[in-house]
Amino acid sequence: MNGLAAVLVLLGVFWTQSSALDTFVLQEPNNGYVTGTMTIDNENKLAEVHVRSGLYSSDTIFDYSRGYIATRLFSRNACFIMKINKEDIPELEEIGRQAFERQAMRRVYSPNNVWVQFQPGNSMLGNARDWLVYGRPIEQLCSGLPLYQLEKTRPQMNVNGCASAGIPSILGMKICERVN
């Protein structure tokens with residue numbers, strides 16, 4: 001009986017350790033093509049999203065422990081950083097729940113969209129102080145690239161200057177240049 005209890009305890013420990021990371025396949029809702037993956041690290045309060053879709057390819061980190069989102073747009077060779085606003089950005093658990101539902105039902109498509117803008121020509125290169133604020137995962141994503149601060153904005157009428165990022169079919173981010 002004691003041996004059975006020990007085996008159950010060990011299985012519980014291994015189950016807890018293995019469930020710290022959850023990986024989801026992100027598919028286009030209409031055709032089922034895989035456009036990316038998302039890994040949620042519950043222990044470190046991180047979500048990493050990798051989207052491979054030609055011109056719209058991007059990597060995004062949601063760092064809930066630091067309170068920042070960073071998106072690297074490959075088409076612009078730049079990184080865009082914004083503070084997590086709880087009114088617009090779902091909690092990590094909610095993102096995981098929605099990703100699980102999308103994988104299970106596959107036909108569901110109702111993303112929330114967050115519209116943000118940046119000032120072109122107003123970039124900086126990250127320094128040691130910035131990386132202390134943003135944290136190591138964002139530093140690894142954005143080091144050596146121009147950094148732009150993002151601000152929330154209203155949906156734009158002309159989306160030609162906007163790029164898409166975020167989590168396909170869960171949380172879309174529309175990143176637009178500020179027009180003066």
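The present account deals with the structure reproduced in this document. Quantities reported herein were computed from a predicted structural model and do not represent experimental measurements. (Residues numbered from 1 in each chain as written. Predicted model: local features only at pLDDT ≥ 70, side-chain atom pairs only at ≥ 80, totals over all residues. Heavy atoms only, no water.)

Details of the layout of surface pockets
Of the pockets and cavities examined, the second largest pocket occupies roughly 150 Å³. For the second largest pocket, the full set of lining residues is Asn-42, Lys-45, Tyr-64, Gly-67, Ile-84, Lys-86, Ile-89, Pro-90, Glu-91, Leu-92 and Glu-93. By residue class, the composition of the lining of the second largest pocket is five nonpolar, two polar and four charged. (1 Å grid on protein atoms, 1.4 Å probe; cavity = no way out; pocket = protein on both sides within 12 Å on 5 of 7 lines; lining within 4 Å. Points joined across faces, edges and corners; volume = space filled by probe spheres on them. Nonpolar A, V, L, I, M, F, W, Y, C, P; charged D, E, K, R; others polar.)

Re the pattern of salt bridges
Between side chains of opposite charge, a pair can form as their charged atoms come close. Here the structure, examined in full by the defined rule, presents six salt bridges. The shortest N-O distance in the salt bridge between Arg-76 and Glu-177 comes to 3.4 Å. With a gap of 101 residues between them, Arg-76 in the loop between strand 5 (68–73) and strand 6 (78–83) and Glu-177 in strand 12 (residues 171–177) connect regions that are remote in the sequence. Classification of Arg-76 by relative accessible area gives partly exposed; the value is 27%. On the accessibility criterion, Glu-177 (37% relative accessible area) is partly exposed. (Salt bridge = Lys/Arg side-chain N within 4 Å of Asp/Glu carboxyl O. Helix = DSSP H or I, 4+ residues; strand = E, 2+ residues; numbered from the N terminus. Buried < 20%, exposed > 50% of the residue type's maximum accessible area, 1.4 Å probe, protein only.)

Looking at unusual backbone geometry
Non-glycine residue Lys-45 carries a positive phi angle of around 55°. Looking at where Lys-45 falls in the secondary structure, it is placed in the loop between strand 2 (34–41) and strand 3 (46–51). The exposure class of Lys-45 is partly exposed, given its relative accessible area of 47%. For Asn-77, which is not a glycine, the phi torsion comes out positive at approximately 50°. Taking the relative accessible area as the measure of exposure, Asn-77 reaches 48% and is therefore partly exposed.

Let's talk about the state of the cysteines
Covalently bonding the sulfur atom of one cysteine to the sulfur atom of another cysteine gives a disulfide. According to the stated counting rule, one finds two disulfides in the structure shown. Paired by a disulfide, Cys-79 and Cys-142 hold their sulfur atoms 1.9 Å apart. Measuring the twist about the S-S bond at about -60°, one finds the Cys-79-Cys-142 disulfide to be left-handed. A residue pair is termed long-range when its members are at least 10 positions apart, and Cys-79 in strand 6 and Cys-142 in helix 4 (residues 136–142) qualify at 63 residues. (Disulfide = S-S within 2.5 Å.)

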